[in-house]
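# Structural overview for review
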Amino acid sequence: MIRVRFAPSPTGFLHIGGLRTALYNYLFARHNDGKFLIRIEDTDRTRMVPGAVEKLFEILKWCGLNNDEEPVIQSKRLDVYKKYVEELLEKDSAYRCFCTSERLEEMRKLQIAKKQPPKYDGLCLKLSKDDSEKLSKEKPFTVRMKMPQEEIKFIDIIRGEIKFHGSLIDDQIILKSDGYPTYHLANVVDDHLMEISHVIRGEEWLSSTPKHVILYRYFGWMPPQFAHLPLLLNPDKSKLSKRQSDVAVEDYREKGYLHEALLNYIALLGWSTEDSQQIFEINELIKKFTLERCGKSGAIFDAQKLLWMNGEYIRKMPVEELARRSSPFLQKAGFDIKNFEFLKKCISLEHDKIKLLSDVPHLIDFFLKNDIIYDEKAVNKVLKKDGVNKILTDIAGIYSKIENFTAKAIENETRKYAEVNLLKTSQIFHPVRVAVSGRTEGPSLFDMIETLGKDRVLSRLRNVIGGKNG
RNA sequence: GCCGCUAUCGUCUAGCCUGGUUUAGGACGCCGCCCUCUCAAGGCGGAGACCGUGGGUUCAAAUCCCACUAGCGGCACCA
């Protein structure tokens, strides 16, 4: 049975790199008819952020990455970890350390100054079992695991065999003096207890994997299979960070990205098919995803490509749904949409121009408000030309006589006027467009005019003729 | 500093395992043309990678081997 987990630490928001890890775990589980679980790694009390866990679940739900079992919360399992630490202590695979943070700090500084690798000097290792026992009742202490002085090997599904030498690895603290476990211990214990078959996580964990392998050995447990995903990078190739890019998934939601597009784009950062297919809906991703086809090198997060992909998804989306999903953005922009059918009509006219849901308000605002803002450049370039006023006056007269105010009829009448007066159609179309919408770019002219409606079109034309625009 | 990972167009990548079918393929972006009432969308085309460098092996190497270099990651009572 394939069982995987996404194990974030709740530090405020879900990082886009975390989302990618979650997605790959999810895809791997679904592809193999396995289970996708979530574990909250909240063992650092100094980094507790109120509400972070709730936010995390909320955003994961928005993405549609649903977990199959009740989430495991590490901070509620202190007694479990304590028990396993005791076991290690008893087996002599770990020892208590009474050194103060100050001493440790000093030692590290000295080692770095001497260009030695920073590593615990093993002072408390020399304590006898009885002394250690006795001292533990008087002084605060941490527990360290003993690193064996030998080569440690493991297989990474993505990278193949990885070797580290134990002598270079520190006697890692597994239990802090506040009674909380550190990542390494909690992670190994929980992965075992949750019967995790595959650990799929970011590359930053590669160098601590030997510690985990040793812990499995000490407990006598079968380790899971490991797969370390390449990192997501800033444009300067450093690890994707807040400083250089938007890294919170919620930022992308707020900017008007679709979760489908975000997931699709992110899936391609470190994974691909042989034919370099770009657009995948989630079921197709599930069907085609394998760890064997994951890459090894870090991938720069390209916001431009994501934007393109979002546009692709929006273009494919039925107007009905697009209107529904843009509604929050319209409301936020101050539009009260009472008439959903009218909204759909407006959106359909601009459909293939929309790249973000947040583009919608601006793109259709001249349909929704009465007092439109005239773009200064458009006015100067198009409306302030000789003869424009006469053309618009004539057009207003013609439009006012059209009984059946449809795009077809409006177009026929407009073209007829051009022909009779020996004008190029563009000499009419452009001024009318600006007069009616306030700008030079917009939907197909006659559809736009029809949708706007006769009254509004005439009143806008007359306003312009009367010189009432900016 | 030490340890580890990685290395194909600006970016994401295919191809590498199982050498020749590769004048190294696709996608984003960029440029041009077409369509056209504008902006998009769409269609067509183009520029863009001597496959990190240097050595081998071989009739033949992006593909196999070695060395080097560069970039990144890790080296906490953080995860």
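Because the structure is a prediction, the values reported are computed rather than measured.

## Some thoughts on the packing of aromatic side chains
Taken as a whole, this structure holds 17 aromatic pairs when the rule is applied. Pairing Tyr-183 with Trp-205 gives two aromatic rings, centres 3.9 Å apart and planes at 15°, and the pair type is stacked. Of this pair, Tyr-183 sits in helix 6 (residues 183–193) while Trp-205 sits in the loop between strand 9 (198–202) and helix 7 (209–219), and the two are 22 residues apart along the sequence. Residue Trp-205 is classed as partly exposed on the basis of its relative accessible area, which comes to 25%. Centre to centre, the rings of Tyr-399 and Phe-405 are 6.2 Å apart; their planes meet at 80°, and the pair counts as edge-to-face. For the pair Tyr-399 and Phe-405, a shared accessibility class is recorded, and that class is buried.

## Points about the sheet that holds strand 4 (residues 94–97)
Read across the open sheet, the 3 strands follow the order 4-5-8; overall the sheet is antiparallel. Of all the strands in the sheet, the pair left with one neighbour each is strand 4 and strand 8 (173–175). When the angles between neighbouring strand axes are averaged without regard to direction, this sheet yields 45°. Relative to strand 5 (residues 142–145), strand 4 runs antiparallel, the two being bridged by 4 bridges. Along strand 5, the bridge assignment pairs Tyr-95 with Arg-144.

## A word on the nonpolar core
Soluble globular proteins tend to pack their nonpolar side chains together in the buried interior. Counting 105 residues, the largest nonpolar core has Ile-16, Leu-19, Leu-65 and Tyr-399 as the members making the most contacts within it. Looking at this core, the element that brings in the most residues is helix 1 (residues 16–31), giving 9 residues. Ignoring sequence-local partners within four residues, the contact set of Ile-16 consists of Leu-232, Leu-240, Val-247, Val-249, Tyr-252, Leu-262, Ile-266 and Phe-301. Ranked by size, the runner-up nonpolar core spans 33 residues in total, among them Val-85, Ala-94, Val-188 and Val-199.

So, how was this worked out
- Residues numbered from 1 in each chain as written.
- Chains lettered and ligands numbered in written order.
- Predicted model: local features only at pLDDT ≥ 70, side-chain atom pairs only at ≥ 80, totals over all residues.
- Heavy atoms only, no water.
- Phe/Tyr/Trp six-rings, centres within 6.5 Å; stacked < 30°, edge-to-face > 60°.
- Helix = DSSP H or I, 4+ residues; strand = E, 2+ residues; numbered from the N terminus.
- Buried < 20%, exposed > 50% of the residue type's maximum accessible area, 1.4 Å probe, protein only.
- Pairing = 2+ DSSP bridges.
- Axes fitted to C-alpha atoms, helices over the stretch in contact; angles between N-to-C directions.
- Core = buried A, V, L, I, M, F, W, Y, C linked by side-chain atoms within 4.5 Å.
- Contact = heavy atoms within 4.5 Å.

Read these as spatial facts, not as claims about activity.
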